[in-house]
Amino acid sequence: MPLQSPSTHNQKTPVLFVSYKEERCGVYQWGKNIFEAISESEKYQFHYVEVLNLEELDSYVAKSECEAILYNYHPQTLTFLNPSMERRYRQVNIALMHEMTQAEADAMPDRFFQYYVMGDPTLIENNPAVFKTGRLILPYTNTKKTPDVVTIGTFGFSVGSKGYQRLIDVVQDEFDEAVIRVHIPSNGIIDADGAVANRHFEECQRRIRKPGIRVQPSHEFLDRDAMLDFLAANTI
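Residues numbered from 1 in each chain as written. Predicted model: local features only at pLDDT ≥ 70, side-chain atom pairs only at ≥ 80, totals over all residues. Heavy atoms only, no water.

Colleague: Mind showing me how you'd approach helix α2 (residues 54-63) here?
Modeller: Note on helix geometry: an α-helix contains 3.6 residues per turn, so any two residues three or four positions apart are oriented the same way. Residues of α2 that are buried include every one of Leu54, Leu57, Tyr60 and Val61, and no others. Down the axis of α2, the smallest arc covering the buried residues is 125°, so these residues share one side. Those residues of α2 that are exposed and aimed more than 90 degrees away from the buried face are Glu55, Ala62 and Lys63. In this structure, the buried residues of α2 make contact with β1 (13-20), β2 (44-51) and β3 (68-73). At the N-terminal boundary of α2, the capping side chain belongs to Asn53, with an oxygen 3.2 Å from the backbone nitrogen of Glu55. (Buried < 20%, exposed > 50% of the residue type's maximum accessible area, 1.4 Å probe, protein only. Helix = DSSP H or I, 4+ residues; strand = E, 2+ residues; numbered from the N terminus. Arc of directions from axis to C-beta. Contact = heavy atoms within 4.5 Å. Polar contact = N/O pair within 3.5 Å; in protein donor to acceptor, adjacent residues only side chain to side chain.)

Colleague: For this particular structure, what's the right way to read the packing of aromatic side chains?
Modeller: Aromatic rings considered in pairs are described by the distance between their centres and by the relative angle of their planes. Under the definition given, this model contains 12 aromatic pairs. Measuring from ring centre to ring centre gives 5.9 Å for Phe17 and Tyr48, while their planes differ by 25°; the resulting arrangement is stacked. Remark: Tyr48 occurs in strand β2 and Phe17 occurs in strand β1; sequence separation between them is 31 residues. Of the two residues, Phe17 and Tyr48, both sit in the buried class. Each member of the aromatic cluster is reached from another via a ring pair, and the members are Tyr71, Tyr73, Tyr89, Phe112, Phe113 and Tyr116. (Phe/Tyr/Trp six-rings, centres within 6.5 Å; stacked < 30°, edge-to-face > 60°.)

Colleague: Explanation requested: the sheet that holds strand β9 (residues 213-218) in the structure shown.
Modeller: Strand pairing in a sheet relies on backbone hydrogen bonds, with the paired strands running either antiparallel or parallel. If you trace the three strands from one edge of the open sheet to the other, you get β7-β8-β9, paired in parallel fashion. The open sheet is flanked by β7 (151-155) and β9, the only strands paired with a single partner. For this sheet, the mean angle separating the axes of adjacent strands, direction not counted, is 15°. Pairing of β7 with strand β8 (residues 178-183), which is carried by five bridges, proceeds in the parallel orientation. Note that in β8 the partner of Phe155 across the bridge is His183. Strands β7, β8 and β9 of the sheet are contacted by helix α6 (residues 224-232), whose axis makes an angle of about 150° with β7. (Pairing = 2+ DSSP bridges. Axes fitted to C-alpha atoms, helices over the stretch in contact; angles between N-to-C directions.)

Colleague: What am I meant to see in the packing of helix α4 (residues 164-174) against helix α5 (residues 195-206) here?
Modeller: Two numbers describe a pair of packed helices, the interaxial angle and the distance between the axes. Running from N to C, α4 and α5 cross one another at 20°; their axes reach a closest spacing of 9 Å. Between α4 and α5, the angle falls in the class roughly parallel. Seen from above, α4 lies across α5 with right-handed handedness. Two secondary-structure elements touch here, α4 through Tyr164, Gln165 and Ile168 and α5 through His200, Glu203 and Cys204. Classifying every residue of the contact of α4 with α5 gives three nonpolar, two polar and one charged. (Parallel < 35°, antiparallel > 145°, perpendicular 65-115°, else oblique. Left-handed = near helix turned anticlockwise from the far one by under 90°. Nonpolar A, V, L, I, M, F, W, Y, C, P; charged D, E, K, R; others polar.)

Right under this line is the structure:
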């Protein structure tokens, strides 16, 4: 997307929003949702760009008249950036963090990034460079019928920390009859062929110990509306 200067009549402050080029990734989708939400600002004009490397980023920054740069940052996606790098651009550099523990937040350096923003209202702002926000809630009108059988749905990519197997155990502890819908699409960053996702499905199936509990796996990549429809069709 070509960079544009703010029009003279609205005098919005230009801000560059930097992400990467892989839509089959939760961090990417989160960043797109954030960009869409903040683009309604009457004070700032956000310009969205996707980059593959530091050279592309340098080029966008050089052409931009932006006063600040927001980065949809995760160390496994924008691999060529690191919070400990020397400062590179004159603009204020702000990392929008997808994942960050309290200990990490407390230790984040003032180097490449001057500020960090985490969508976690439970985070304690011990570090003056770290700010917390509420979690983004997408607009949605639910028209789905409540399932006749208790249906628990979960989604995400094939990261071991998601806890898919633990969900199977918890549901069986509380219900004798239930449907567990587990949606794990292949991830373009860490599981492009879907092999890890399939292993999660197999492990979930092996943990079933009650005849009334059924697991329904799915793996196709869904756009945002289809993903919300998937969630809305569950009891929980």
